[in-house]
Amino acid sequence: MPKQNTYLQESVENPVAAIVESIDRDVERGEDILMFGFCVVMLSSTFAPVAPPTVILPLVALTFAISSGLARHNYLRMEAKLNQAMAQLDRHEKMALHPIATVFKEHPMPPLVDSYNFFKNLKRTWKSVMGGILINPLWMPIFYVMGIQICEEKNLGILNKAVIHVEEKI
């Protein structure tokens, strides 16, 4: 089944409610992606008797990187679909969706290239280096991508609050 490019369906009675319902589903999908990444990481300790830390720890970092990347892609796709749907709405319908659109404007997600650039994220780099010094240097990449994962989760939480606010209004 091909994916939709917009939240706006043909022949819906209340386009705002349909858009909010679709965004809510996509927010849940993003949260599920992040939670799946956390669950896989939590299960990684079961392989400790079999695999050495030099194998498990890079796989943990890779798991965080993949789940945060998929969640970022989902977030950016939500923003694009909302913008495309809002272009087809009336003024009063746009005003109903304004809190959700505001979240996308106030909390933009930079491309993953910028998120993985150590020099553009000095605070996250510093925290991961300190964690690596305190625990184990092999944990530095894990802390770094965990910071990206936490940022994704924070933005999805803010978006979820805006969606709930709009759902209560309509």
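Bear in mind that the values here come from a model prediction, so they are computed numbers and not experimental data.

(A) Representation of the overall build of the protein chain in the model. A count of helices and strands for the protein chain gives seven helices and zero strands. Starting at the N terminus, the α and β elements of the protein chain follow one another as α-α-α-α-α-α-α. Within the span of the protein chain, comprising 170 residues, buried residues form 40% of the whole. Contacts spanning at least 24 positions in sequence make up 77% of the contacts within the protein chain whose residues lie at least 6 apart. On the protein chain, roughly 10300 Å² of surface is accessible, and the fraction owed to carbon and sulfur atoms is 66%. Between the mean site of the 16 positive side-chain charges and the mean site of the 17 negative ones, the protein chain shows a separation of 9 Å.

(B) Main features of the packing of aromatic side chains. Evaluation of the coordinates by the stated rule reveals four aromatic pairs. Taking the centre distance of 5.6 Å and the plane angle of 75° together, the rings of Phe 38 and Phe 64 count as edge-to-face. With Phe 38 in helix α1 (residues 15–43) and Phe 64 in helix α2 (residues 53–86), this pair connects stretches of sequence that are 26 residues apart. Judged by its relative accessible area of 21%, Phe 38 is partly exposed. Look at Trp 139 and Phe 143: their rings are 5.7 Å apart centre to centre, the planes differ by 35°, and that puts the pair in the tilted class. Here the basic side chain of Arg 124 rests over the ring of Tyr 144, its NZ or CZ set 5.4 Å away from the ring centre.

(C) Just a nonpolar patch on the surface, in detail. A grouping of Val 55, Leu 59, Leu 62, Ile 66 and Leu 70 is seen on the molecular surface, where their side chains present a nonpolar patch of about 440 Å² in accessible area. When you line up the elements, Val 55 lands in helix α2. Owing to a relative accessible area of 39%, Val 55 belongs among the partly exposed residues under this scheme.

(D) Examining the nonpolar core more closely. In this structure, Ile 19, Leu 82, Leu 97 and Ile 100 are the most contacted members of the largest nonpolar core, which totals 27 residues. Only α1, α2, α4 (98–106) and α7 (140–169) provide two or more residues apiece to this core. Per-element accounting of this core gives the leading share, seven residues, to α1. Those residues in contact with Ile 19 that sit more than four places away from it in its chain are Tyr 7, Leu 8, Leu 82, Ala 85, Leu 89 and Leu 97.

Reading guide: rules and limits
- Residues numbered from 1 in each chain as written.
- Predicted model: local features only at pLDDT ≥ 70, side-chain atom pairs only at ≥ 80, totals over all residues.
- Heavy atoms only, no water.
- Helix = DSSP H or I, 4+ residues; strand = E, 2+ residues; numbered from the N terminus.
- Buried < 20%, exposed > 50% of the residue type's maximum accessible area, 1.4 Å probe, protein only.
- Contact = heavy atoms within 4.5 Å.
- Areas by Shrake-Rupley, 256 points an atom, 1.4 Å probe, with all protein chains shown as cover.
- Lys, Arg positive; Asp, Glu negative; His and termini not counted.
- Charge placed at Lys NZ, Arg CZ, Asp CG, Glu CD.
- Phe/Tyr/Trp six-rings, centres within 6.5 Å; stacked < 30°, edge-to-face > 60°.
- Lys NZ or Arg CZ within 6 Å of the ring centre and 35° of its normal.
- Patch = residues over 30% accessible without salt bridge, like charges linked within 9 Å, V, L, I, M, F, W, Y side chains within 5 Å.
- Salt bridge = Lys/Arg side-chain N within 4 Å of Asp/Glu carboxyl O.
- Core = buried A, V, L, I, M, F, W, Y, C linked by side-chain atoms within 4.5 Å.

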